[in-house]
Amino acid sequence: MTKTAADTDMNVTLTIAARLEEGRSRLEERFLAGGEVLAATVQSVGQMVTTLDDVMKAMDQSRIDAAIADLADTAGTLLTLPEAQARRGAQLRDLSCVANTMADQVEDMLTIIRFLRSFTTTVKVTGAGAEGFDAFANEMLSEITEARRQADLFQATLADLCSGIQSAAAANMEVETAYKQVVPGLAAALTSDSARFGEYHSKIRSIAADLTALVRGIQTKIGRSLSALQVGDITRQRVEHVQKGLALLHSEASSGEGLAPAEMSLYLRLAALQADDLVSEFHEGCGTVMSNLSSLAADTKELLAMGKAARGNASAGGDGFLAALEGSVSKARRLVCQVEDAAERLASVCNATASTARDLALSVDNIQAIETKIQHMAINTSLRCSRMGEAGKPINVVATELRAIAEQMEVVSGRLLTSLRTLEEKAVALTSPEEEGIGLGERLDRALASISDAGSKISNDLNQLAERGDGIARDVSRNVASLDFTRDIGTVLDECTLQIEEHAAALADPDAEIEEPSEALLRLADSLYAAYTMARERQVHGLVFAPPVASATREAMPGEDDLDAAFF
C-alpha cells in the first residue's frame, strides 16, 4: 500500500474514532444525568414509604377497637337507664306512701290529744273544790299542751318532707319519660355510628396498605431502572475498546510497517462486529430501562386516583358519620349529666328524709314520755278518787277514760315509730348508688377523645399522603418523560458501525482469505483482546481471531457483564 493510500485510510480511521468519541461523550453525559434524576426520584419515593409506614403504625387498630367496644358497652348500659329510673320511681312512690301513712297517723295522734285535753278539762271542772285536783288538772293540761306542740311540729316537718319527696318523684317521672323517648334511639345511634367508624377506620388502613404496596412497587421499578442504567457504562466501555482498536491500528500504521489491505480489512471487520454488537446490546438495555419506566405511567395514574380517594375518605370522616358519631356521644353525655343531676337531687332528698326521720323519732319519744306521764297521773287520780268514796266516783270515771285514751295514743305513737324506721330504711336504700350509670360520663369522654383524635389524625394523614402521592406522581411522570437515553446516541453509533464496515469493504474483498496472518496483525488482535472487560466482547472477538493462549484461563473466568447478567 502506498503512503498516500495509507494516509487516506488512517484519516478515515481517525474520523470514525472522533465520531465514536462524540457518541461516547453524549452517552456518558446522558446516563449520568438520568442516573441523578432517578436517584432523586428513588429518594422521594423512599421518604413516602417511610411516611406510610409511620401512618400504618399510628393507626392503632386495637385502640380504635377498644373505643368502639367501650361505646357499644356504654350503649348497652344506656338501655338499662329507663328500667333503673323506673325502679327509682317505684321506690320514691313507696317512700311517699309511707310518708302519707305517717301523716294519717299524726292526724290520729292530734285527734287523741284533743280528746285528752277535753277529758282533762272535764276532770278540772268535776274536781273543782276537791283538794289537789285543780293542780293535777293544770299539770295534765300542761303536759297535753306540750304533746300538742310536739305533734304540731312533727306534722309541719312531715308536711315539708312529703313535699320534697313528691317533688323528687315528679322530677324522676320527667326524667323517666325522657329516657323512654330518647335512650332507645340514642343507644342505637351510638352502636350504629361506632360500627360505621370502625368500618371506616378499617377501610382507611386498607387504603394506606394498598398505597404502601403501590409506592413500594414504584420504588422497586425505579430502583431496577436505576440499576439497569449500567448498560450505559457497559456501552461506554465497549465504545472505548473499539476506539482503542482503531488507535492500535493507527499506531501500527504510523510505525511505518502497517498491515496489508486484506489484514487491515479483517481487523476493521472485527471492529465493525464489536460496534454492531455493542449497539445491539445498547438498544436492548435501553429498551429494558424504558420499559420499566414506561410501566410507571399506570402506577402514577393509580397513585393519583388513590390520592383522590384518600382525600374523599378524609372528607367523609371529618364531615360525615364521624361528626354524627361525635354528635351521638355528645347527646349521650348530656343524658348522663341528667342522670347524674337526678341522682344528686334524689340523694339530697333521701339524705334529708333519713335525717328528718331520725329527728322525728326523737319527737315521738318525747310524745311517748308525755303519754307515760299522763297515764301515771291518771292512775294516781283513780287511786285518790277511790279514797274519796262516792264523791270521787265521777272523777274516777273521767280518769279511767283518760288512761284508755292515753293507751290509744301509745299505740298510734308506736305505729308512727315503725313508719319512721321504714321511712329511714327506704331513704337510705335510695341513697345507695346503683351500678347503672356509674362512670358512664368518664367512659363516654374517653371514647369520644380516642375517636376524635383518631379521626383528626386519619384526616390529616390522608391529606398529607394524598399531597405527597400527587407530588411523586408528577415527579415520576415528568422525570420519565425527560429521559431519552437513545436519542442521538444510537444514531451516532449506527453511523460509526456502517462507516467501519464500508471502510473495511473498501480495503479488500470480505471473502478474501489470509493464508498466514502477519505477526503485526496477531499482535494487534492480542493487544485488543487483553483490553476486553466483557465476556461478550471476547465471544465476538472469537468470531474473527482465536484468543491468545495466555488468555485461556481468563476465558474460563466470569466477566463483569456475566455478573451484570446474573444481577439483572
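Structure: above.
A brief structural summary. (Residues numbered from 1 in each chain as written. Predicted model: local features only at pLDDT ≥ 70, side-chain atom pairs only at ≥ 80, totals over all residues. Heavy atoms only, no water.)

## Some words on the overall build of the chain
Along the backbone of the chain there are 14 helices and zero strands. When its helices and strands are written in sequence order, the chain yields α-α-α-α-α-α-α-α-α-α-α-α-α-α. Working note: accessible area of the chain is about 27,100 Å², and carbon and sulfur atoms make up 53% of it. (Helix = DSSP H or I, 4+ residues; strand = E, 2+ residues; numbered from the N terminus. Areas by Shrake-Rupley, 256 points an atom, 1.4 Å probe, with all protein chains shown as cover.)

## Focus on the pattern of salt bridges
Throughout the structure, instances matching the rule amount to 16 salt bridges. For the salt bridge of R238 with D277, the shortest nitrogen-to-oxygen distance reads 2.9 Å. One end of the pair, R238, is in helix 4 (residues 230-254); the other, D277, is in helix 5 (residues 261-294), with 39 residues separating them in the sequence. Using a relative accessible area of 1% as the deciding quantity, one classes R238 as buried. In this structure D277 comes out as buried when scored by relative accessible area, which is 15%. Between R523 and E252 there is a salt bridge whose closest N-O contact spans 2.8 Å. Here E252 lies in helix 4 and R523 lies in helix 11 (residues 519-531), a separation of 271 residues in the sequence. E252 sits in the buried class, given a relative accessible area of 7%. (Salt bridge = Lys/Arg side-chain N within 4 Å of Asp/Glu carboxyl O. Buried < 20%, exposed > 50% of the residue type's maximum accessible area, 1.4 Å probe, protein only.)

## What to know about the nonpolar core
Soluble globular proteins tend to bury their nonpolar side chains together. L20, L268, L303, L493 and I500 are the most contacted members of the largest nonpolar core, which has 61 residues in total. If one sorts the elements of this core by residue count, helix 5 sits on top with 14 residues. Beyond its immediate chain neighbours, meaning those up to four positions away, L268 contacts L246, L249, I500, H503, A504 and L507. (Core = buried A, V, L, I, M, F, W, Y, C linked by side-chain atoms within 4.5 Å. Contact = heavy atoms within 4.5 Å.)

## A short note on the packing of aromatic side chains
Going through the model one piece at a time under the given rule, you end up with two aromatic pairs. Between Y529 and Y532, the ring centres sit 5.7 Å apart and the planes meet at 65°, which makes this aromatic pair edge-to-face. Taken as a pair, Y529 and Y532 share a single burial class, namely buried. (Phe/Tyr/Trp six-rings, centres within 6.5 Å; stacked < 30°, edge-to-face > 60°.)

## Some words on the side chain of E281
Mapped onto the elements of the fold, E281 is located in helix 5. Note on E281: relative accessible area 15%, which makes it buried. For E281, the contacting residues outside a window of four places in its chain are V231, I234, R238 and R536.

## Overview of the packing of helix 5 against helix 11
One way to put it is that helix 5 packs onto helix 11 with a least axis distance of 11 Å and a crossing angle of 15°. The angle between the axes of helix 5 and helix 11 places the two elements in the roughly parallel class. Our pair here, helix 5 against helix 11, has a crossing hand that is right-handed. Contact with helix 5, carried on its side by E263, L266, Y267 and L270, involves L521, L524, A525 and L528 of helix 11 and no other residues of that element. (Axes fitted to C-alpha atoms, helices over the stretch in contact; angles between N-to-C directions. Parallel < 35°, antiparallel > 145°, perpendicular 65-115°, else oblique. Left-handed = near helix turned anticlockwise from the far one by under 90°.)

## Concerning a negative patch on the surface
A cluster of like negative charges, contributed by D276, D494, E501 and E502, occupies part of the molecular surface. In terms of residue count, the dominant contributor to the negative patch is helix 10 (residues 489-507) (three residues). Counting through the fold element by element, E502 comes out in helix 10. (Patch = residues over 30% accessible without salt bridge, like charges linked within 9 Å, V, L, I, M, F, W, Y side chains within 5 Å. Lys, Arg positive; Asp, Glu negative; His and termini not counted. Charge placed at Lys NZ, Arg CZ, Asp CG, Glu CD.)

## What about the packing of helix 5 against helix 10?
Packing of helix 5 against helix 10 leaves a shortest axis separation of 8 Å and a crossing angle of 160°. Relative to helix 10, the element helix 5 lies roughly antiparallel. Judged by the twist between their axes, the crossing of helix 5 over helix 10 is left-handed. In terms of residue class, the contact of helix 5 with helix 10 is made up of 15 nonpolar, five polar and four charged. (Nonpolar A, V, L, I, M, F, W, Y, C, P; charged D, E, K, R; others polar.)

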